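Read off the chains here:
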Amino acid sequence: MTLSLAQRVTLANKPLGFNALVVERTSRCNARCAICYQGSSPQGKVQKGKKSANDAKDLSPELIRRALLEGSRLDSLNKRFHLAGGEAFLDAELCLELFAYAQSLGYYDITTTTNGFWAKSPDKARILTRRMREAGVTNIELSTDHWHAPFVQPTTINNCLRACLEAGISVNLRLLATHEHTHAATLATLDPYLLNHTTRITCGPVFAVGRATEQLSTEEFFRRGAEGRCFAVLNLAIVPNGNVFPCCAGMDHTDGLLFGNIAEQHLAEIVHNINHSPLFRVVSYAGVSRFLQPLQHLGYPMKTSEEYGNMCDLCSTIFSNRQMVADLSRYNSQLEAEQVRMAIEYLQQSSAA
Amino acid sequence: MSTPLPLHSVTTQDPYPAWLFREINLIAAVEPSNGSSIQPDLTALARWLGEFQRWQAHQFLSEENRYYLLLGRRVHLQLQCSWLEGTPYVQQLAQVVARTGHALTLRMSAEQALHPPEEIKQLLQNRRIQKFLLNLPNPLTAQLLPALTELVELLLSCRVMPIFLGDMANLLQSGLLHNPRLNAANFTLYPSQRHLDFQPSHPVDSCATHLSWFIDSKGDIYPCGGLSGIRSAQLGTIFESAETTLQRMANHPTLPLQDLIQHGPTLHTAQKNIINRFNIPFKCLLHRKEIEAAPI
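All residue numbers refer to position in the chain's written sequence, counted from 1. Starting at A for chains and at 1 for ligands, labels are handed out in the order in which the entities are written. Totals for whole chains, interfaces and linings use every residue, but because this is a predicted model, local features are given only for residues with pLDDT of at least 70 and side-chain atom pairs only at 80 or more, for both listing and counting. To obtain the side-chain values, all non-hydrogen atoms of the structure were used and water was disregarded.

Strands here are runs of E lasting at least two residues and helices are runs of H or I lasting at least four, both read from the DSSP assignment and numbered beginning at the N terminus. The helix and strand tally for chain B stands at 11 helices and 10 strands. Here's how the labels work: a residue is buried when its accessible area is under 20% of the maximum for its type, exposed when over 50%, partly exposed in between, all with a 1.4 Å probe on protein chains only. Every one of the 296 residues in chain B was classed for burial, and the buried ones make up 57%. Only heavy atoms enter the contact rule, under which two residues are in contact if any of them lie within 4.5 Å. Across chain B, every contact between residues at least 6 apart in sequence was considered, and the portion connecting residues at least 24 apart equals 72%. Working note: accessible area of chain B is about 12500 Å², and carbon and sulfur atoms make up 51% of it. Residue burial considers only the protein chains on display, and all accessible areas are found by Shrake-Rupley using a 1.4 Å probe.

As structure tokens, this is what we get:
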């Protein structure tokens, strides 16, 4: 980790802020997409044919309400509440209740991720989106692509887009692609009028994480390299077992670096732990690729930065390995102590001179 | 800024954070009145950003968890001129932004962004620009496509996220979305018709997600692009101290920022009924008209 003392001081001075409180309410989903980074299924998180041993299926409504309340008092958290899954709308009534509660607490941006399965009938879609809007929902992130299509057909997605347009809910259409299945192909299946009235379309490649690693061939994946920093896109994410992470893009499904659990600690305490984690501060402000060199030095057979799908891929790889994180943490502390010692020596020499 | 502001001077009511402006939107353009140079003045902007950054760092070290998001973490530059005129400005701004610890995004019309000079390519290669927004022309002609593809591939090779604003049918027809390198990357599309026919069931939304530090080419600061140019909505200028701007925000005589963040603009009843049939730009337009008509 070739960070100078000056760089470390800068890192230590920068506060971390979070764009949203993300609650991944359940690991269950009506679909079982081959590219699901969480490995969700109707039975919960299932990978390699097995249900994950330490994964809870659902986060209790009481804990979510508590997190919302505690989050509403955190100044470092933008007052956006984002409800995700699995598929959160397997229990639509609970979703509506949580949205309304968030609105009553002063969250002004209330959003959700869904695959839109509930919009099969245009009438039902209209009723639910109207109720969502009344409960304070401002935006939905609608997942659709080649792998979602067998579970939620394009006609259902069109119903969902139309209902949101009528209800005044903005839509962020979220698409994934591989070498074989392009964004253009997905967009061609949707109604052009509705597409042109969608608020935003977010496109990205499928990465080799979660179920994709076992269901897609390695040639299908794109590789963009692990360079990059994430300090501007952090979210406070709570996963179904109650663990809280500063990210909902892969690190939230690891267990190498834990910051706290909402069932046991106040959210403010967990945010404090995140903000004072030397390793996470390096990840967010300097970039996770900074860890590659020390890990190679520690004897881990790491790939080159370019060989990773993206920074989230590398982050997920590192923080899924407890031993790797423990070694990295020790290495970082030693390096820090050494740099402080050098700084003191320098100051002593300067004052003597 | 020698001493930071006392906390009570910029907060209003807990538990809501006082001011959440997530971005700094900067409009840079050629101002003939200033000898045809690009404005706003970068020296003043650098000082203003620096003051805020120091203030924020002090808050972090002395009062945990407070005001982290006050300044935002992105500077979003809308460059309204060609590379010929704008390149030195972008270079200097990138330095200022890096020094103050922000991420820089750039927005230009696609025609003006084509064929960037070496200096800009270097900024892209060094990742001094994180995202690049391109306003696509309508129609997106076949003649423009090779140069546009070249620019997009340059952005992607530098890991700079491209964002396209334009007509979706036009974009789909152009074939750009079949580009394998584009499919391998993260990018965003903003359909140009996204606000048309949008009929919110709730007439007035919260402004929270739309507010930013909007700095126009004169260096005047507003809480929102929709209110730019209205003197009574102005928060300050980059030529005064950041402290003065903060104080004015806390005690703004005509703009209830806290209400705007949480509930949106309070419009007259008759207009609320009208606005129910319209969309976000119309809503902002009405808000602007009301403020302009209100006695100061």
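Turning our eyes to something else, we now look at the packing of helix H4 (residues 122-134) of chain A against helix H5 (residues 154-167) of chain A. Residue and element names in this part refer to chain A. Running from N to C, H4 and H5 point in directions that differ by 40 degrees, and their axes come no closer than 9 Å. Between H4 and H5, the interaxial angle falls into the category oblique. Every pair of crossing elements has a handedness; the one defined by H4 and H5 is right-handed. On H5, the residues that touch Pro122, Ala125, Arg126, Thr129, Arg130 and Arg133 of H4 are Asn159, Ala163, Cys164, Glu166 and Ala167. Gly is placed with the polar residues, together with every amino acid not listed as nonpolar (Ala, Val, Leu, Ile, Met, Phe, Trp, Tyr, Cys and Pro) or charged (Asp, Glu, Lys and Arg). Looking at the contact of H4 with H5 residue by residue, the classes come out as five nonpolar, two polar and four charged. Lines fitted to the C-alpha atoms define the axes, with helices restricted to the stretch that makes contact. Angles between their N-to-C directions range from 0 to 180 degrees. Angle categories are assigned with fixed cut-offs, so that under 35 degrees is roughly parallel, over 145 is roughly antiparallel, 65 to 115 is roughly perpendicular, and the rest are oblique. Should the near helix be turned anticlockwise from the far one by less than a right angle, the crossing is left-handed, and should it be turned clockwise, the crossing is right-handed.

Gly85(A) connects to Gly86(A) through a cis peptide bond whose omega is 15 degrees. Tracing the backbone through its elements, the reader meets Gly86(A) in the loop between strand E4 (80-84) and helix H3 (92-104). That bond from Gln39(B) to Pro40(B) is cis: its omega, 10 degrees, falls within 30 degrees of zero. Positioned with a positive phi, His115(B) is a non-glycine residue whose angle comes to about 50 degrees. In this structure, His115(B) sits in the loop between helix H3 (110-113) and helix H4 (118-125).

The element strand E7 (residues 187-191) of chain B is extensively covered by neighbouring structure, given that five of its five residues are classed as buried. Here, strands pair whenever DSSP counts at least two bridges between them. In this sheet, E7(B) lies alongside strand E8 (residues 200-205) of chain A in antiparallel orientation, the contact comprising three bridges. Counterpart to Cys203(A) in the pairing with E7(B) is Phe187(B). Bridge count for strand E6 (residues 161-166) of chain B against E7(B) is four bridges, and the pairing is parallel. Bridged to Leu165(B) within E7(B) is Tyr190(B).

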